[in-house]
Amino acid sequence: VVELTPTGASGEGGNSAIFAFTATARTYADLVVTEVSAPLTGRGGESIAVRWIVTNQGGVTAPGGFADRIVLSDDTIIGDADDVELALVPRAADVLAGGTYTVDRSVTLPLRLDGRFYLGVVTDAGGDVVEPDTRADNTSAPVAIDVTA
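So, how was this worked out
Residue numbers here run from 1 along each chain, matching the order of that chain's written sequence. Thresholds applied to this predicted model are a pLDDT of at least 70 for local features of residues and 80 or more for the giving and counting of side-chain atom pairs; totals over whole chains, interfaces and linings are not thresholded and use all residues. Only heavy atoms go into the side-chain values, all of them from the structure, while hydrogens and water stay out. Each residue's exposure class comes from its accessible area (1.4 Å probe, protein chains only) as a fraction of the maximum for that residue type: buried when under 20%, exposed when over 50%, partly exposed otherwise. The helix and strand labels rest on DSSP assignments: H or I over at least four residues marks a helix, E over at least two residues marks a strand, and numbering proceeds from the N terminus. Paired strands, in this sense, are two strands between which DSSP finds at least two bridges. Two residues qualify as a contact provided that any one of their heavy atoms is within 4.5 Å of a heavy atom in the partner residue. Simply put, an axis is a line fit to the C-alpha atoms, just over the touching stretch for a helix, and the angle between two N-to-C directions goes from 0 to 180 degrees. The nonpolar core is taken to be a set of buried Ala, Val, Leu, Ile, Met, Phe, Trp, Tyr and Cys residues, with the residues joined through side-chain atoms within 4.5 Å. Think of it this way: a Phe, Tyr or Trp ring, Trp meaning its six-membered ring, pairs with another when their centres are within 6.5 Å, and the plane angle makes it stacked under 30 degrees, edge-to-face over 60, tilted otherwise. Residues counted as positive are Lys and Arg, residues counted as negative are Asp and Glu, and His and the chain ends are not counted. Definition used for salt bridges: Asp or Glu carboxyl oxygen within 4 Å of a side-chain nitrogen of Lys or Arg. N or O atoms within 3.5 Å of each other form a polar contact, as long as, within protein, one can give a hydrogen and the other can take it, and as long as residues adjacent in sequence are counted only when both atoms are side-chain atoms.

Attention now goes to the pairing of strand 4 (residues 66-73). Of all eight residues making up strand 4, seven are buried, and the element is well covered by its neighbours. By the bridge criterion, seven bridges tie strand 4 to strand 5 (residues 84-91) in an arrangement that is antiparallel. Residue pairing across strands places Val71 opposite Glu85, the latter belonging to strand 5.

Given below as structure tokens:
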């Protein structure tokens, strides 16, 4: 397609534009499970105490309204298809930049399990807090627990 003016001259000279903009970095929250503790052993159908600590390593407050998930896995990969949710723990309060919170929760181990399993905690499990590029650190390291039926 060739553009022409009413007089037949080329009309292609006005096909450019200039945009000026300034990009600025934004600071976000960054929730990290920094510690998980649980007993070394447990029996299916019985309760165990789980404690975890979450730190906001980001530069802004993480607003409340998210939840932490406690899972039991038969491998060391927390977040794959074999995980069993033991509890979903809502968090209503904000977490200030640099702030932490600690949760103590009793959970019941599933029946008919026998062997070595792994507990993990996923903070902001539903992705409710805006944390671009930092979701990978929302999941704790696995904690081994030997379960008997």
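Another aspect to go through is the environment of Val130. Looking at the secondary structure, you find Val130 in the loop between strand 7 (115-122) and strand 8 (143-148). Judged by relative accessible area, which is 53%, Val130 ranks as exposed. Along the sequence, Val130 and Tyr28 sit 102 residues apart, while their C-alpha atoms lie 6.8 Å from each other. With residues up to four places along the chain from it excluded, the contact list for Val130 reads Tyr28 and Ala29.

Strands in a sheet are paired, the pairing made by backbone hydrogen bonds, and the direction either parallel or antiparallel. Pairing is antiparallel across the open sheet formed by three strands, whose spatial order is 1-3-6. The open sheet has two edge strands, strand 1 (31-37) and strand 6 (100-108), and neither has a second partner. For this sheet the average axis-to-axis angle between neighbouring strands, irrespective of direction, equals 25 degrees. With six bridges joining them, strand 1 and strand 3 (residues 47-56) adopt antiparallel strand pairing. Residue pairing in the sheet places Ser37 in a bridge with Arg51 of strand 3.

Our next topic: the nonpolar core. The biggest cluster of nonpolar side chains holds 28 residues, and the ones touching the most others in it are Trp52, Ile70, Leu72, Leu119 and Ile145. Looking at this core element by element, the count peaks at four residues for strand 3. If we skip the residues at most four places from it in the chain, Leu119 touches Ala38, Ile48, Val50, Ile70, Val71, Leu72, Ile78, Leu86, Ala141, Pro142, Val143 and Ile145.

As a further point, take the packing of aromatic side chains. A full pass over the atoms with the stated rule returns one aromatic pair. Seen in terms of ring centroids, Phe66 and Tyr101 are 6.4 Å apart; in terms of plane orientation they differ by 55 degrees. Their pairing is tilted. Pair noted here: Phe66 is in strand 4 and Tyr101 is in strand 6, with a separation of 35 residues, a long-range link. When its relative accessible area of 2% is taken as the criterion, Phe66 is described as buried.

One face of the sheet, then the other: side chains in a regular strand alternate in exactly this way. Of all ten residues in strand 3, seven are buried; the element is thus mostly enclosed. Summarising the sheet, strand 3 and strand 6 pair through nine bridges and their orientation is antiparallel. Considered in strand 6, the bridge of Ile48 is made with Val107.

Along the chain, Asp83 falls in the loop between strand 4 and strand 5. We note that Asp83 is buried and unpaired, the nearest opposite charge coming from Arg69 at a distance of 8.0 Å. Among the polar contacts made by the side chain of Asp83, one reaches the side chain of Ser73 at a distance of 3.0 Å. A distance of 2.4 Å separates a polar atom in the side chain of Asp83 from the backbone nitrogen of Gly79. Ignoring any residue separated from it by four or fewer positions in sequence, one finds Asp83 in contact with Val71, Leu72, Ser73, Ile77 and Ile78.

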